[in-house]
4 protein chains.
Amino acid sequence: MNKQDRILDAAIDVFVQRGYADTRMDEVAEKAGVAKGTVYLHFASKEALFEAVIENALAPIREALEFMDGNAHQEPVDAEALHRFYRKISGFVETGVPGAVMRLVIAESGRFPGIAETYFKTIIEPGLGHLSGILDKGAKEGTFRGEMIREHPMVLIAPVLLAVLWKQLFQDFKPLDTAQFLDTFADMACQGLIPERKQP
Amino acid sequence: MNKQDRILDAAIDVFVQRGYADTRMDEVAEKAGVAKGTVYLHFASKEALFEAVIENALAPIREALEFMDGNAHQEPVDAEALHRFYRKISGFVETGVPGAVMRLVIAESGRFPGIAETYFKTIIEPGLGHLSGILDKGAKEGTFRGEMIREHPMVLIAPVLLAVLWKQLFQDFKPLDTAQFLDTFADMACQGLIPERKQP
Amino acid sequence: MNKQDRILDAAIDVFVQRGYADTRMDEVAEKAGVAKGTVYLHFASKEALFEAVIENALAPIREALEFMDGNAHQEPVDAEALHRFYRKISGFVETGVPGAVMRLVIAESGRFPGIAETYFKTIIEPGLGHLSGILDKGAKEGTFRGEMIREHPMVLIAPVLLAVLWKQLFQDFKPLDTAQFLDTFADMACQGLIPERKQP
Amino acid sequence: MNKQDRILDAAIDVFVQRGYADTRMDEVAEKAGVAKGTVYLHFASKEALFEAVIENALAPIREALEFMDGNAHQEPVDAEALHRFYRKISGFVETGVPGAVMRLVIAESGRFPGIAETYFKTIIEPGLGHLSGILDKGAKEGTFRGEMIREHPMVLIAPVLLAVLWKQLFQDFKPLDTAQFLDTFADMACQGLIPERKQP
DNA sequence: TATGAATGAGGTTTCATTCAT
DNA sequence: CATGAATGAAACCTCATTCAT
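In this report, we go over the structure that sits alongside the text. (Residues numbered from 1 in each chain as written. Chains lettered and ligands numbered in written order. Predicted model: local features only at pLDDT ≥ 70, side-chain atom pairs only at ≥ 80, totals over all residues. Heavy atoms only, no water.)

### With respect to the nonpolar core
Grouped together as the largest cluster of nonpolar side chains are 139 residues, with contacts concentrated most on Leu49(C), Leu156(C), Met188(C), Leu49(D), Leu156(D) and Met188(D). For Leu156(C), the contacting residues outside a window of four places in its chain are Tyr86(C), Leu131(C), Leu135(C), Ile149(C), Phe185(C), Met188(D) and Leu193(D). Counting 138 residues, the second largest nonpolar core, distinct from the first, contains Ile12(A), Ile149(A), Phe50(B) and Ala189(B). (Core = buried A, V, L, I, M, F, W, Y, C linked by side-chain atoms within 4.5 Å. Buried < 20%, exposed > 50% of the residue type's maximum accessible area, 1.4 Å probe, protein only. Contact = heavy atoms within 4.5 Å.)

### Considering the relation of the copies chain B and chain A
Overlaying chain B on chain A yields an RMSD of 0.2 Å, the required transformation being a rotation through 179° with an accompanying axial translation of 0.0 Å. Such a turn and shift between the copies fits a two-fold axis. Of the interface residues in chain B, 100% have counterparts in chain A that sit at the interface too, so the contact is made through matching surfaces. (Least-squares fit on C-alpha atoms with pLDDT ≥ 70 in both.)

### Considerations on the packing of aromatic side chains
Evaluated as defined, the whole model comprises 50 aromatic pairs over all chains. An angle of 5° between the planes, with centres 5.9 Å apart, marks the rings of Phe15(B) and Tyr20(B) as stacked. Taken individually, Phe15(B) and Tyr20(B) each receive the classification buried, so the pair is uniform in this respect. Both rings, one in Trp166(D) and one in Phe170(D), keep their centres 5.3 Å apart while their planes meet at 80°; by these two values the pair is edge-to-face. Using a relative accessible area of 3% as the deciding quantity, one classes Trp166(D) as buried. Ring-pair connections join several aromatic residues into one group, and the members of that group are Phe85(A), Tyr86(A), Phe185(A), Phe85(B), Tyr86(B) and Phe185(B). Directly above the ring of Tyr20(A) sits Lys46(A), whose terminal nitrogen or CZ lies 4.6 Å from the centroid. (Phe/Tyr/Trp six-rings, centres within 6.5 Å; stacked < 30°, edge-to-face > 60°. Lys NZ or Arg CZ within 6 Å of the ring centre and 35° of its normal.)

### A few points about the packing of helix α9 (residues 178–191) of chain C against helix α9 (residues 178–191) of chain D
Pairs of packed helices are described in terms of their axes, by the angle between the two and the distance that separates them. For the pair α9(C) and α9(D), interaxial distance at closest approach is 5 Å and the crossing angle is 85°. By the angle between their directions, the pair α9(C) and α9(D) is classed as roughly perpendicular. Where α9(C) approaches α9(D), its residues Phe185(C), Met188(C), Ala189(C) and Gln191(C) are matched on the opposing element by Phe185(D), Met188(D), Ala189(D) and Gln191(D). For the contact of α9(C) with α9(D), a count of residues per class yields six nonpolar, two polar and no charged. (Axes fitted to C-alpha atoms, helices over the stretch in contact; angles between N-to-C directions. Helix = DSSP H or I, 4+ residues; strand = E, 2+ residues; numbered from the N terminus. Parallel < 35°, antiparallel > 145°, perpendicular 65-115°, else oblique. Nonpolar A, V, L, I, M, F, W, Y, C, P; charged D, E, K, R; others polar.)

### So, the protein's contact with DNA strand F
Taken together, 31 residues lie around DNA strand F, and Lys3(B), Ala35(B), Thr38(B), Thr38(C) and Arg24(D) are the ones closest in. Close to the protein, within 4 Å, the atoms of DNA strand F belong to sugar or phosphate groups at a rate of 73%. Between DNA strand F and the protein, one listed contact pairs a phosphate oxygen with a side-chain N or O atom of His42(B) at 3.4 Å. Contact distances for DNA strand F include 2.9 Å between a phosphate oxygen and a side-chain N or O atom of Lys3(C). Looking at the surface near DNA strand F, the elements that each hand over two or more residues are α3 (36–42) of chain A, α3 (36–42) of chain B, α3 (36–42) of chain C together with α2 (25–32) and α3 (36–42) of chain D. For the surface near DNA strand F, the class distribution of residues is ten nonpolar, ten polar and eleven charged. (Near = heavy atom within 4 Å. Polar contact = N/O pair within 3.5 Å; in protein donor to acceptor, adjacent residues only side chain to side chain.)

### Quick word on the interface of chain B and chain A
With 53 residues of chain B at the interface, the matching set in chain A holds 53 residues. Regarding the contact of chain B and chain A, the summed buried area is about 5,400 Å², with carbon and sulfur atoms giving 75% of it. The interface formed by chain B and chain A holds two salt bridges in total. Between Arg111(B) and Asp22(A) there is a salt bridge, with the nearest N and O atoms lying 2.9 Å from each other. Where chain B meets chain A, there are two residue pairs in polar contact (both at pLDDT 80 or more). For the side of chain B that touches chain A, the secondary-structure elements that each account for two or more residues are α6 (97–108), α7 (113–141), α8 (158–169) and α9 (178–191) of chain B. Per-element tally for the side of chain B that touches chain A: the top contributor is α9(B), with nine residues. (Buried area = accessible area lost by both parts, 1.4 Å probe. Salt bridge = Lys/Arg side-chain N within 4 Å of Asp/Glu carboxyl O.)

### Regarding the side chain of Thr178(B)
Residues and elements named next belong to chain B. As for its placement among the helices and strands, Thr178 is situated in helix α9. We classify Thr178 as buried; its relative accessible area is 0%. Leave out the neighbours within four places in its chain, and Thr178 touches Ser90, Val93, Glu94, Ala163 and Lys167.

### What about the environment of Lys36(A)?
Residues and elements named next belong to chain A. Inspection of the secondary structure assignment puts Lys36 in helix α3. Considered as a pair, Lys36 and Thr122 are 86 residues apart in the sequence and their alpha carbons are 31 Å apart. A polar contact is formed between the side chain of Lys36 and the side chain of Asp26, at a distance of 3.3 Å.

### Description of the arrangement of the chains
Separating chain B from chain C is a minimum C-alpha gap of 14 Å, and the two share no contact. Regarding chain A and chain D, the two do not touch, and the least distance separating their C-alpha atoms is 14 Å.

### Concerning the protein's contact with DNA strand E
The full set close to DNA strand E counts 31 residues, and Thr38(A), Tyr40(B), Lys3(D), Ala35(D) and Thr38(D) are the nearest of them. Among the atoms of DNA strand E close to the protein, meaning within 4 Å, 72% are from sugar or phosphate groups. Separating a phosphate oxygen of DNA strand E from a backbone N or O atom of Thr23(C) is a distance of 3.0 Å. Split into classes, the residues belonging to the surface near DNA strand E amount to ten nonpolar, ten polar and eleven charged.

### A word on helix α8 (residues 158–169) of chain D
Given 3.6 residues to a turn, an α-helix orients residues that are three or four positions apart in the same direction. With twelve residues, α8(D) extends 16 Å from end C-alpha to end C-alpha; this agrees with the ideal 16 Å at 1.5 Å per step. Across the twelve residues of α8(D), ten count as buried, placing the element largely inside the fold. Those residues of α8(D) that sit buried are Ala158(D), Pro159(D), Val160(D), Leu161(D), Leu162(D), Ala163(D), Val164(D), Leu165(D), Trp166(D) and Leu169(D). Of the surrounding elements, those touching the buried residues of α8(D) are α6 (97–108), α7 (113–141) and α8 (158–169) of chain C together with α5 (79–94), α6 (97–108) and α9 of chain D. (Expected span 1.5 Å × (residues − 1).)

Next comes the structure, spelled out in structure tokens:
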């Protein structure tokens, strides 16, 4: 593994653990096994390192997204598909990877407006596109009332966001089982909470 | 307005804008219109000031919650009630108050584990209790399939969380109309996304 | 007791305990039972207060000296008189009063050259005069070889100084019984350490 | 000379001149010819620097002691030996080195109880041991009534202490010739102040 | 390229002193 | 006279960044 990547890997750990301001370049260097000055041979400043770290940390999330996107069109859109969608996400959420990055993005977006934009362009926008595609497909096939939320596809992301942040903040006070939680959401989203539905 | 409150008001602004580490006590003092040393007459340290600020900032949210709790039992639980619930929240979210505080809590919970707990105990736990009460009432009256999400009442908070954070992070890239978004969520939650539902 | 004296009494305690630099005017005021501003009605500054405190603290030592001086001429000068002299001093040393003041003078004489002078003029010079008188009297009466140390009367103060500082610094590591120690010194000074003495 | 020693040398000067509290790290750094931050590369804090300074300053005194200890057993114990003992000390006292350190120890022992202990263990205890050895040797050889002060060997240090502090505090008001003074003390100690001694 | 000792700007905190009440 | 809230200068210490080796 080259030195640049060793530094990036060390840096993401420290930034996630301490936040931007509390991260010392010394600690990054030590964790990467290089001297302090070496970091500056690869990254112009702490700020530049941070931005590179974020860019780098979004890669696995983007890849997970692309992978899901690739598989999307091969299956019908129905309740079962929605459940499968969340089940895949659940596994990824459990790794803790997206949560740590997301918290970092939320925390530092005030100081680095750029990273909110990067996150949006890299993760959110493609993710919404993916969801829109699914919703349209379901609507066309008549298996899914996708038009209902066509303008707000992010409603389907909301429970994921909650799960991710819950694990970061409240897991110690009231544990949340991500898989079960997302399954519940999928049930509710598919069937609705009102028992007697007016027939259209 | 007394000096302590002037300092708290100045501090919340600066903390929200810059985060804990980048907030300089000088700036808080200046914004509050007092000398640097005066802040220390009221708060023992930057850390103590921050904790007081969080405590103080949660008050209006807690009050909003309590207000909603008071009205809750007078009305039937049905689709209309759920929509009204989100409409009230929407107005509050639009003020930007809960979003700023939430971002601060998320950002600094790594450095101050206590504030995640405070937030949980002050806002989340009572909020969940409130929701559970509504779900049970609806279930008993037969107007609401509350048992479906009884174990995960936070599904109903998920869209609020998303709206709050969206405004903080992505509003500039893709604006979100909180009221419409929550309305859409309520529709979906009530009626479900699957057109043909098996009758119970 | 008037307020000025209450402040002086509080101040000597705090100065002795903490030293000049570590003494806070707040603590002096609180210990004196007055408000912080009140101290400044009586003493122009911390420095002025300190000088007044030293002046004030030397009074009892000076009085003890004067008392001894008054009694001095009524008795013959011999070994017994020397032992009585140290016995009186011993009692005073045991009170801890002169030790605390002396340590303060030694400690702060770098910052306040004036207090070394005050101490010299108030305590040392009169003390030496007292001793010189005794030595002369003994020499005249032939009961004391006072001329031997006539030029250096402070040799007789040396053991007192040692005892005083020992109690301040080393009492915890190796206790010193002031009375016995001074008695030993007096024996040595009177009889000498060399067994076979040439007869004069 | 390495940087650590340059800082120590600068620091002892400033600490001696100003005392602990009034010493500014900036001044130490400037005097050592390094930047402020550099001091902290070698000493963790002002307190740590001070302790190192004391430790360092005690070294020459301890060495002087050890040197005297080495020579002690080669010569008989008599009046001449005692005079020689004080003459050696006199030369050392005149350098001003032990006086400055001793004043610092006395001044700051309230704030740093540890340094009184260090001083005791490093200087006083070995010094007393040295003196006890001499006294015992003299007693065994019959040339010295060492048993008289066997329990209080520090009487022989008392005039040294006085000379050291006199130079620090009162030299300007009444100069003291250390060599003559100690010589006088030795005379008195050897021969005694009482002309007619009862024969044992 | 790599190192790590050195730098110095800048932040938190303390506390003597003032002054309106 | 008395108060004590307010002031702001000044001190310790950190850490991003540089540069001689």
